[in-house]
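Commentary on secondary and tertiary structure
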Amino acid sequence: MRPRGQSASIGEPVKASADLRLITGRGVFVDDLHLPRMVHAAFLRSPHPHARILGIDAKNAATSPGVVAIRTGSDLNLRSKLMQVGETTEASAIDIEVLPSGKARMVGDPLAVVVAQDRYLAEDAMELIDVTYEPLSPVLDADVARASTDTLVHENLGSNVFSTAEGGYGDWDEAVASSDVVVRETFRQARCSPFPLEGRALVADWDPADAKLTVWSSSQWPHMFRQHLSDLLNIPLDHVRVVTQDVGGAFGLKANTFREDIAIALLAVELGRPVKWVEDRRENLMASAHARDHSIDLEIALKNDGVILGLRARIVDDMGAYGLYPWSPDSWGKLLAVSLPLPYKVPNYQWEVVTVVTNKAPESAYRAPGNAAGAWARESLLDIAARQLSLDPIDLRRRNLIARQDLPFSPLGGGAPIDAVTTEEALEQAAALIGYDDFRQEQQKALAEGRYLGVGFGIYIKAAGRPKSPATVGLSETGLESATVRMSATGAVQAFVGACSGGQGYETTFAQLVADEMGVPVDAVQIQMGDTDFPAESSGTWGSRSTVVVGATLVGAARDVSTQMIAVAAKMMEAPQEEVALEGGFFIAERAPSERLSVLDVARAAWEDSSLAPSTLGTGLSSTRHYEIPGPTYSNGCHAAVVEVDTETGKVSVLRYVAVEDCGPLINPMIANGQIRGAIAQAYGSVFLEEIVYSEDGLPLTTTLLDYLIPDAASMGDVIIKHLETPAPGSGRFKSLGEGPLVASAPAFACAVADALSPFDARLTRLPLKPDRLIEATGGD
Amino acid sequence: MAQVALRLKVNGVEHEALVEPRLTLADFLRTDLGLTGTHLGCEHGVCGACTVLLDGEAVRSCLLFAVQTEGHEVITIEGMAQGEELHPIQEAFWEQHGLQCGFCTPGFILSAYNLLQENAQPSEEEIQAAISGNLCRCTGYQSIVASVKAAAEKLQLQRES
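Residues numbered from 1 in each chain as written. Chains lettered and ligands numbered in written order. Predicted model: local features only at pLDDT ≥ 70, side-chain atom pairs only at ≥ 80, totals over all residues. Heavy atoms only, no water.

1. Description of the interface of chain A and chain B
This is how it is decided: When checking whether two residues touch, look at their non-hydrogen atoms; a contact exists if any pair is within 4.5 Å. Using a 1.4 Å probe, buried area is obtained as the accessible area two parts lose upon being combined, added over both of them. Salt bridges are identified by distance alone: a Lys or Arg side-chain nitrogen within 4 Å of an Asp or Glu carboxyl oxygen.
Listed by partner, the interface residues are 50 residues for chain A and 44 residues for chain B. In this assembly, chain A packs against chain B so that about 4100 Å² is buried in total across both faces, 61% of it on carbon and sulfur atoms. Interface area lost by chain A to chain B is led by Ile23(A), Tyr120(A) and Leu197(A), which between them contribute 19%. Viewed at the interface, chain B and chain A are joined by four salt bridges.

The structure is reproduced here in structure tokens:
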């Protein structure tokens, strides 16, 4: 063991341990499970966006080869509690049935489930089910839906407005009265898909002997899912086990508990055999969930010198036909509203969020929900304001950033003070690396040659690791994270955490944290995660919380075990604890340096000899810790892009791209940079490519990858990444990185295109910036 | 449904099976042979996660019926390493962290294999083009391009020695 505090692996590009099984085809995703007696489910889905269900006739299907069971809402709904979402002071609840029995409210609504010997046979039988529908007119446009009372998606709401929420601080009217200019624009972010490569998937199994439900799920939050299964199905919590092995991407989609999850669990209980359901891509794009369907009407009041006096946002969020359990459907619009002013000092802010129900798929969180779309709108409006005031867009930002001298900065809208952020450094470095000083000349020169170049910036401050969150439904008010570290009798370290990895590399970064804290090699640490029977609890992996929350918790537990080992070694050597040190892998007592004990000696003795126990309460070397940090940490960053727009074809080429990030001390630069590059690609997708489209009569038109485009390897080249590593205050030094880069990247791309097309006074207020929209914006055809 | 006799070689091993004509090659590999490293990301031939080698050429196993491979040879991700020894492409993906969640990775490795068979020293643009038929949602692709480049160098060194 090394002396504590001397990092050996933190900051090093340690190879990701999970990669070995994934590159050899030995990962275990849910669809890779083949259990004895397992049967396969398929869901019959509504082809209508809105229709009364008059009858479901499954007689012919029931005799189809290989069919084990066919169930509809009338069979399943009474066996589960309703999935109630959204009851707040502002809204009535929506009660969601397992399978809708009265009405279908979206194309893809699951109306029946077929279980058969294999998926082919289940789908054969599904085609024989005869459903009688009475089609109703759908509401698809949020503005139309708001105004309409003739067509209601949920009759009990009395309208199609789920909720109207308001908030803010200061006095907007006062800000307008004191301002020199008010700039206003409405921004329309396209509905898009989180799109993990692996869709939703689960296998449920019921053991009647132990009365225990085991569910293997591709999930971001096995512990939350266990809680939901227990609550909804009325099974004691300790009789539900959720196992999450390899997860093929998640991005927010898998931090929901879906109706299909409950249906499959109910079938496993009823049939007493394992039931597998793996959604196909059509189901994923049509019926799982969409995201970011926001309209953002934004006004900003400024002085002529660019100082921001106020901001007003009126947001309309199209939540689709249902909420997703257990989140309130207006969560994402509100998150957008609350996050809008950051990273600037905005003294007056007023917001309104109207959340509207339509006959479309429900809205999920998707990486940086609210924040990414909000940042695009805000930064775009700042550029428009800068043009109007003839100010340099960078100067305008410099004037308003929450800067070093403002720290700690108490957000005027409430929340923990912002500290240890480096917004100015990030902006200056991004400007320098992208070559901003010379860029205007380069741009002019290009323009003279008929080429359209533009530069755009995106800046963010993002909180992560809030202990309290809406996702802690049914759990303690403070949120939940605990981890256990133990040194086994064989000298191996096992660390149990409740988070799970969908590509974030936690098996490696968490092992680095534990290894360095305990002074052992990284490969001596095994990270055990994704099983609710492990000694760890968690609110899940979302909101960029895991490194901040799990990291701090693990380090605390690892420190305990180190201290316990010193105590055992001291007893063995009959030396005072303070005189025992760890050097070069051995415990050495000051007074007799030649008598040394290895890690293995101490580990074995601690487990085998109860008289050496470090505490009076038990034997062995082990500690369980809870997350105890009171507030979130804030990370920040600035991205800059230079693009060229071909005004003939509408093609956008990214010429240069710079990401300056401050996520605190880097644990593993290779893994961190992967998070940044991946986030930039997702921002590229939402700015240039991705759009879920419904026809006028409510049919989803983007149900394959030929219609719904995501970035590919040729979309853009490499990016320059620069890290500022400002530690977070308090005991956990680490900050988050999962979402922030996406928040900075979307505006960097979009503002660069707007800058390139500024000679045309192009209004680029609707994403994605597809070639036809760009050509239209330049007045071409 | 009537079953059809099928004989093929997978990762060097001869297999005989009775399969339904409609069974896709991907499902045959995953379910009948237990080779679950071949993943299904779209089942309509766009994402490339199910890429395998058919007589040395990269193909999408979700778009082929198992019966079409009668008498042919298939290599899957499980056939890339020689025992404990990783294929140089796999080594490169590990060293460059050319993956995150790993779901798309087997397809990328087999597409890279196909590219490097045809073009031992591809440029960055050629790599981007060659793997643009495989989709990844996590990495942003740069680490995958770097992995393929590193793999080309490793294979070059192997040939030289």
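2. Some remarks on helix 8 (residues 259–271) of chain A
It helps to recall that an α-helix has 3.6 residues per turn; residues three or four apart then point in one direction. Residue and element names in this part refer to chain A. Our working definition: Only DSSP runs of H or I covering at least 4 residues are called helices, and only runs of E covering at least 2 are called strands; the numbering of each starts at the N terminus. One less than the number of residues in a helix, times 1.5 Å, gives the span that helix is expected to have. Accessible area is worked out with a 1.4 Å probe on protein chains only. A residue is then buried under 20% of its type maximum, exposed over 50%, and partly exposed in between.
Taking 1.5 Å as the rise per residue, helix 8 with 13 residues should run 18 Å; its terminal C-alpha atoms sit 18 Å apart, in good agreement. Here helix 8 lies mainly inside the structure; ten of its 13 residues are buried. Turning to helix 8, its buried residues are Arg259, Glu260, Asp261, Ile262, Ala263, Ile264, Ala265, Leu266, Leu267 and Ala268. Looking at the residues trailing helix 8, positive phi occurs at Gly272, about 65 degrees.

3. Quick notes on the sheet that holds strand 9 (residues 161–169) of chain A
Residues and elements named next belong to chain A. This is how it is decided: Whether two strands pair comes down to DSSP finding at least two bridges between them. Interaxial angle, 0 to 180 degrees, is taken between N-to-C directions of lines fitted to C-alpha atoms, where a helix line uses only the stretch in contact.
The mixed open sheet is built from five strands, whose spatial order is 9-17-16-15-10. Here the strands that pair on one side only, and so sit at the sheet edges, are strand 9 and strand 10 (181–188). Shown here is a sheet whose adjacent strand axes are inclined to one another by a mean of 10 degrees, direction ignored. Of the pairings in the sheet, the one linking strand 9 to strand 17 (residues 348–357) comprises eight bridges and is antiparallel in character. The residue bridging Gly168 from the neighbouring strand is Gln350, located in strand 17.

4. Details of the domain arrangement of chain B
Frequently, the measure chosen for interface size is the accessible area removed from exposure when the parts meet. Residue and element names in this part refer to chain B. Heads up, the rule is: Either an automatic procedure or a domain database provided the assignment from which the domain bounds are taken. What qualifies as a polar contact is a pair of N or O atoms within 3.5 Å, subject to a donor-acceptor requirement within protein and to the restriction that residues adjacent in sequence count only when both atoms come from side chains.
Split by domain assignment, chain B resolves into domain 1 (4–79) and domain 2 (88–160). A straight line from the C-alpha centre of domain 1 to that of domain 2 covers 22 Å. Taken together, the 18 residues of domain 1 in the interface contact 15 residues of domain 2. Counting each side, the surface lost to burial between domain 1 and domain 2 is near 1200 Å², with a carbon and sulfur contribution of 60%. Here domain 1 and domain 2 share zero salt bridges between them. Inspection of the region where domain 1 meets domain 2 yields five residue pairs in polar contact (both at pLDDT 80 or more).

5. Some details on a negative patch on the surface
Residues and elements named next belong to chain B. Quick reminder of the rule: Surface patches are defined over residues having more than 30% relative accessible area and no salt bridge, joining like charges when they lie within 9 Å and nonpolar side chains (Val, Leu, Ile, Met, Phe, Trp, Tyr) when within 5 Å. Here the accessible surface of atoms and residues is derived via Shrake-Rupley with a 1.4 Å probe, and residues count as covered only by protein chains that are part of the display. Charge counting follows a simple rule: Lys and Arg are positive, Asp and Glu are negative, and His as well as the terminal groups are ignored. The atoms used to mark charge sites are NZ of Lys, CZ of Arg, CG of Asp and CD of Glu.
On the surface, Glu14, Glu16, Asp55, Glu57, Glu73 and Glu118 cluster together into a negatively charged patch. Within the secondary structure layout, Glu14 lies in strand 2 (residues 13–19). For Glu14, a relative accessible area of 51% puts it in the exposed group.

6. Comments concerning the domain arrangement of chain A
Residues and elements named next belong to chain A. Here chain A is partitioned into domain 1 (17–27 + 468–626) and domain 2 (416–458 + 634–781). Look at where the C-alpha atoms of domain 1 and domain 2 centre, and you get two points 39 Å apart. Facing the twelve residues of domain 1 at the interface are ten residues of domain 2. Taken together, the two surfaces of domain 1 and domain 2 that pack against each other cover about 910 Å², and 65% of this comes from carbon and sulfur. Viewed at the interface, domain 2 and domain 1 are joined by zero salt bridges. On the surface where domain 1 and domain 2 come into contact, there are three residue pairs in polar contact (both at pLDDT 80 or more). Taken together, the elements giving at least two residues each to the side of domain 1 that touches domain 2 come down to helix 15 (506–518) and helix 16 (546–573).

7. A few points about the packing of aromatic side chains
Residues and elements named next belong to chain A. Note the following rule: Between rings of Phe, Tyr and Trp, where Trp is taken as its six-membered ring, a pair exists when centres lie within 6.5 Å; planes separated by under 30 degrees are stacked, by over 60 edge-to-face, and by other angles tilted.
Inspection of the entire model under this criterion finds 17 aromatic pairs over all chains. Aromatic pair Trp221 and Trp327: ring centres 5.7 Å apart, planes at 10 degrees, arrangement stacked. Separated by 106 residues along the polypeptide, Trp221 in the loop between strand 12 (212–217) and helix 7 (222–233) and Trp327 in the loop between strand 16 (308–320) and helix 10 (331–339) bring together distant segments of the chain. When sorted by exposure, Trp221 lands in the same class as Trp327, which is buried. Seen from their ring centres, Tyr657 and Phe749 are 5.1 Å apart, and the 40 degrees between their planes marks the pair as tilted. Of this pair, Tyr657 sits in strand 28 (residues 652–662) while Phe749 sits in helix 19 (residues 740–756), placing them 92 residues apart in sequence. No difference in accessibility class separates Tyr657 from Phe749, as the two residues are buried.

8. Remarks on the pattern of salt bridges
Residue and element names in this part refer to chain A. If you walk through the whole model with that rule in mind, you get 60 salt bridges over all chains. Of the charged contacts, one joins Glu270 and Arg79 as a salt bridge, the two residues approaching to 2.9 Å between their closest N and O atoms. Taken as a pair, Glu270 in helix 8 and Arg79 in the loop between helix 3 (73–76) and strand 4 (83–85) lie far apart in primary sequence, 191 residues in all. For Glu270, a relative accessible area of 33% gives the class partly exposed. For Arg79, a relative accessible area of 32% gives the class partly exposed.

9. Re the layout of surface pockets
Where we set the bar: The way it works is a 1 Å grid over only the protein atoms, where trapped points that fit a 1.4 Å probe form a cavity and open points with protein on both sides within 12 Å along at least five of seven lines form a pocket, and then any residue with an atom within 4 Å of a point lines it. Grid points are joined across faces, edges and corners, and a volume is the space filled by probe spheres set on the points.
In this structure, the second largest pocket spans a volume of roughly 1200 Å³. Forming the walls of the second largest pocket are 49 residues, and the residues nearest its centre are Arg119(A), Tyr120(A), Asp27(B), Leu40(B) and Glu43(B).

10. Focus: the nonpolar core
How we decide: To qualify as a nonpolar core, a set must consist of buried Ala, Val, Leu, Ile, Met, Phe, Trp, Tyr and Cys residues joined through side-chain atoms within 4.5 Å.
Within the largest apolar cluster, 114 residues are counted, with the highest numbers of intra-cluster contacts made by Leu213(A), Leu229(A), Ile89(B) and Phe93(B). Setting aside anything within four residues of it in sequence, one finds Leu229(A) in contact with Leu213(A), Val215(A), Asn234(A), Val240(A), Val242(A), Ile262(A) and Ala265(A). One finds Ala165(A), Ile315(A), Ala377(A) and Cys663(A) within the second-largest nonpolar core, a separate group that totals 93 residues.

11. Quick notes on unusual backbone geometry
All names here are of chain A. With an omega of 0 degrees, the peptide bond between Tyr325 and Pro326 qualifies as cis. Along the chain, Pro326 turns up in the loop between strand 16 and helix 10. A cis amide bond, omega -10 degrees, links Leu407 with the succeeding residue Pro408. Here Pro408 shows up in the loop between helix 12 (393–400) and helix 13 (423–434).

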